[in-house]
Number of protein chains: 2
Amino acid sequence: MHTESCSDGNSIRHLISNVSEDELSDLAELFKMFADSTRIKILYDLINGEKNVTEICDDLEMNQSAVSHQLKLLKTAKLIGARREGKQMIYFLADDHVKTIIAMGKEHIEE
Amino acid sequence: MHTESCSDGNSIRHLISNVSEDELSDLAELFKMFADSTRIKILYDLINGEKNVTEICDDLEMNQSAVSHQLKLLKTAKLIGARREGKQMIYFLADDHVKTIIAMGKEHIEE
DNA sequence: TATTCATGTGAACAGAGATTCATATGTTAA
DNA sequence: TTAACATATGAATCTCTGTTCACATGAATA
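Heads up: these notes are all about the structure in this document. Bear in mind that the values here come from a model prediction, so they are computed numbers and not experimental data. (Residues numbered from 1 in each chain as written. Chains lettered and ligands numbered in written order. Predicted model: local features only at pLDDT ≥ 70, side-chain atom pairs only at ≥ 80, totals over all residues. Heavy atoms only, no water.)

### Things to note about the packing of aromatic side chains
The final tally for this structure, using the stated rule, is three aromatic pairs over all chains. With a centroid separation of 6.1 Å and an interplanar angle of 10 degrees, the aromatic rings of Phe31 of chain A and Phe31 of chain B are classed as stacked. Here Phe31 of chain A is found in helix 1 (residues 21-34), whereas its partner Phe31 of chain B is found in helix 1 (residues 21-34) on a different chain. Per residue, the accessibility class of Phe31 of chain A equals that of Phe31 of chain B, and both read buried. Look at Phe34 of chain A and Phe31 of chain B: their rings are 5.2 Å apart centre to centre, the planes differ by 45 degrees, and that puts the pair in the tilted class. Of this pair, Phe34 of chain A sits in helix 1 while Phe31 of chain B sits in helix 1, each in a different chain. When its relative accessible area of 0% is taken as the criterion, Phe34 of chain A is described as buried. Here Phe31 of chain B falls in the buried class, since its relative accessible area comes to 0%. Put simply, the rings of Phe31 and Phe34 of chain A together with Phe31 and Phe34 of chain B pair up and form one aromatic cluster. (Phe/Tyr/Trp six-rings, centres within 6.5 Å; stacked < 30°, edge-to-face > 60°. Helix = DSSP H or I, 4+ residues; strand = E, 2+ residues; numbered from the N terminus. Buried < 20%, exposed > 50% of the residue type's maximum accessible area, 1.4 Å probe, protein only.)

This is the structure we're talking about:
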């Protein structure tokens, strides 16, 4: 016998043990968020604590529109959260996974 | 006073504590390797042990050229290694960081 | 050495994504 | 309600990158 092994019928040739193709796509999507300089800088910036958009722009020395566009992506990916405070929007890291993932990356680089 | 704080003169406005802009770019470059479905599948495939190109192609159900191109990128990034064995090239994960990083990603997704 | 199998690679094409520009939305203060 | 500030967003542009196609390279075998 040599038939389907994935119970969900979603398989890249029964190989990738127990992991559906969708799950791997989601993984790729997640890592995409870390795969851009601007977004990494934003995430890294927020490790120092929550900040509003203007502060982030100043820190990164980038124009507000570019930053806002990336903030939106990060928020959609649920890597950051936001709340309004008067005229300003305060952004912050959603959870500790972000720090952990970045830390793992740094570790690999400094091998 | 409020001048340069990074000793190397490489700063995104002294913010990103102790981390040079280059270092953050390297991080982004690293995560780019995980940010594509094909590459993630290859990496995940190799978690099951070393494989030659044909096996990987079969597993992913992708044509050989596409896979080879991605293998080259992964090798350049030092996430995988390779050795020749007769006509075949055997690819394998370079170290455990790959597994760790993927595991972190999965953990975040399954939150 | 000619052939076949396994893999690598350059060029071309297509699609995705990042930045900019202009402008819209939302909030506070005058 | 008007003005000023803070942020969001759509469209256009430009760049980057993944796949395909055709072919090159390398190794084993007849």
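### A closer look at the relation of the copies chain B and chain A
Relative to chain A, chain B is turned by 180 degrees and slid 0.0 Å along the rotation axis, the superposed coordinates differing by an RMSD of 0.0 Å. Look at the turn and shift together and you get a two-fold axis relating the two. Both copies present the same face, since 98% of the interface residues in chain B are matched by interface residues at the equivalent positions in chain A. (Least-squares fit on C-alpha atoms with pLDDT ≥ 70 in both. Contact = heavy atoms within 4.5 Å.)

### Comments concerning the pairing of strand 3 (residues 88-93) of chain B
All names here are of chain B. Pairing of strand 1 (residues 51-52) with strand 3, which is carried by two bridges, proceeds in the antiparallel orientation. When the bridges of strand 3 are listed, Lys51 appears paired with Tyr91. Strand direction decides the pairing type here: strand 2 (residues 80-85) and strand 3, joined by six bridges, are antiparallel. From the neighbouring strand, Arg83 faces strand 3, where its bridge partner is Ile90. (Pairing = 2+ DSSP bridges.)

### Some points on the protein's contact with DNA strand D
Near DNA strand D lie 26 residues; those nearest to it are Thr54, Ser65 and Tyr91 of chain A together with Asn63 and Ser65 of chain B. The contact atoms of DNA strand D, taken as those within 4 Å of the protein, divide so that sugar and phosphate hold 66%. Backbone polar atom of Val53 of chain A to a phosphate oxygen of DNA strand D: 3.3 Å apart, as the coordinates give it. Measuring from a base nitrogen of DNA strand D, one finds a side-chain N or O atom of Ser65 of chain B at 2.5 Å. Elements that contribute at least two residues to the surface near DNA strand D include exactly helix 3 (53-60), helix 4 (64-76) and strand 3 (88-93) of chain A together with helix 2 (37-47) and helix 4 (64-76) of chain B. Here the surface near DNA strand D is built from residues that sort into six nonpolar, 13 polar and seven charged. (Near = heavy atom within 4 Å. Polar contact = N/O pair within 3.5 Å; in protein donor to acceptor, adjacent residues only side chain to side chain. Nonpolar A, V, L, I, M, F, W, Y, C, P; charged D, E, K, R; others polar.)

### Some remarks on the environment of Ile101 of chain A
In this fold, Ile101 of chain A is placed in helix 5 (residues 97-109). Once the C-alpha coordinates of Ile101 of chain A and Phe34 of chain A are considered, the two residues, 67 residues apart in sequence, prove to be 9.0 Å apart. Excluding residues that lie within four positions of it along the chain, Ile101 of chain A makes contacts with Leu30, Phe31 and Phe34 of chain A together with Phe31, Met104 and Gly105 of chain B.

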